[in-house]
Amino acid sequence: MKINISNLSEGVHEYQFEENPSTIELDERFSKPVLVQVELEKRRRQLFLTGHIKTSGRFACDRCCDDFGKDIGIDYRMTYVYDMNDAGDTDKDELTVIQTSTNEIDIDEDVREYTLLAVPLKLLCRENCAGLCSTCGANLNKETCSCLKEDIDPDLVGKKLKKIVNNN
Ligand SMILES: [Zn+2]
Ligand SMILES: [Zn+2]
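So, how was this worked out
- Residues numbered from 1 in each chain as written.
- Chains lettered and ligands numbered in written order.
- Predicted model: local features only at pLDDT ≥ 70, side-chain atom pairs only at ≥ 80, totals over all residues.
- Helix = DSSP H or I, 4+ residues; strand = E, 2+ residues; numbered from the N terminus.
- Contact = placed C-beta atoms within 7 Å.
- Core = buried A, V, L, I, M, F, W, Y, C linked by C-beta atoms within 7 Å.
- Buried ≥ 20, exposed ≤ 12 C-beta atoms within 10 Å, placed from the backbone.
- Pairing = 2+ DSSP bridges.
- Axes fitted to C-alpha atoms, helices over the stretch in contact; angles between N-to-C directions.
- Arc of directions from axis to C-beta.

### Things to note about the overall build of the protein
Per the secondary structure count, the protein includes three helices and seven strands. Seen in sequence order, the protein has helices and strands lined up from the N terminus as β-β-β-β-β-β-β-α-α-α. Of the contacts formed within the protein by residues at least 6 apart in sequence, a portion of 56% connects residues at least 24 apart.

Next up, the structure:
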């Protein structure tokens, strides 16, 4: 995904991209095309880019290990300057220094990084996912198992422990 900036007039320009996830080295969890809508404001000494990324992927639930689909969306900003003196107080993470001879801005790397950033740290198929039984491994979203009661009843576990301690 490249934007030609040579002879770009001052003002706001809009671009739309659709890219294969593997082309920008996103892993196989991302199965749908990555859509990127870009607004690029060209000023004399800076270029201000806002990117809106949308895609979706299939992820394994942290609790029950089942696959589930999830839409991923994130916006990001990037400021391009030819000279650090024109950076102002722009956050380093949102700043790229380019050469005056640069003809093209390549946004692949930024889109890849921000897409990965948009994946939640905790991946749950649903908020109240019941997970797997720690004893028999049954997926408790789909079935119940006979060990269920002991697992989730802390009082019962406590009583059992007491009994063991008393017996000693
Ligand atoms: Zn789950
Ligand atoms: Zn079980």
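Next comes the rest of the write-up.
### Digging into the nonpolar core
Counting residues in hydrophobic clusters, the biggest one holds 17 residues, and the most contacted among them are Val34, Val36, Leu49, Tyr80 and Val111. For this core, the secondary-structure elements that each account for two or more residues are strand S3 (34-42), strand S4 (46-60) and strand S5 (67-81). Here this core takes four residues from S3, the largest share from any one element. Setting aside residues no more than four positions away along its own chain, Val111 makes contact with Met1, Ile24, Val34, Val36, Gly51 and Ile53.

### Notes on the pairing of S3
For strand S2 (residues 11-19) and S3, the ladder comprises nine bridges, and the chain directions are antiparallel. Counted as the bridge partner of Gln16 is Gln37 from S3. Pairing analysis gives eight bridges linking S3 to S4, with the strands arranged antiparallel. In the sheet register, Gln37 faces S4, and the bridge partner there is His52. Turn length for the S3-S4 hairpin, with the two strands adjacent in sequence and antiparallel, is three residues.

### Some details on the sheet that holds S4
Strand order in the open sheet made by the five strands is S2-S3-S4-S5-S6, with mixed pairing throughout. The sheet is open, and its two borders are formed by S2 and strand S6 (95-97), each paired with just one other strand. The mean angle between the axes of side-by-side strands here comes to 25 degrees, regardless of whether they run parallel or antiparallel.

### What about unusual backbone geometry?
Peptide bonds are, in most cases, trans, and in most cases residues other than glycine have a negative phi. A positive phi is found at Asn7, a non-glycine position, where the angle reads about 60 degrees. Its location among the elements puts Asn7 in the loop between strand S1 (2-4) and S2. Since 6 C-beta atoms lie within 10 Å of it, Asn7 is described here as exposed. Positive phi, normally seen in glycine, also occurs at Cys65, with a value near 70 degrees. Its location among the elements puts Cys65 in the loop between S4 and S5.

### What to know about helix H1 (residues 108-117)
Of all the residues in H1, the buried ones are Asp110, Val111 and Thr115. Take H1 and look down its axis: the buried residues cluster within an arc of 130 degrees, on one side only. Facing away from the buried side of H1 by more than 90 degrees, the exposed set consists of Glu109 and Leu117. On its buried face, H1 is in contact with S3, S4 and S5.

### Digging into the environment of Ser134
For Ser134, the position within the fold is in the loop between H1 and helix H2 (148-152). Since 9 C-beta atoms lie within 10 Å of it, Ser134 is described here as exposed. Along the chain, Ser134 and Cys147 lie 13 residues apart, while their C-alpha atoms are 9.0 Å from each other.

### Digging into the environment of Ile98
Structurally, Ile98 can be placed in the loop between S6 and strand S7 (104-106). Assessed through the 15 C-beta atoms surrounding it within 10 Å, Ile98 is described here as partly exposed. Sequence separation between Ile98 and Tyr80 is 18 residues, and the spatial gap between their C-alpha atoms is 6.5 Å. Residues within four places of Ile98 in sequence aside, it is in contact with Tyr80 and Tyr82.

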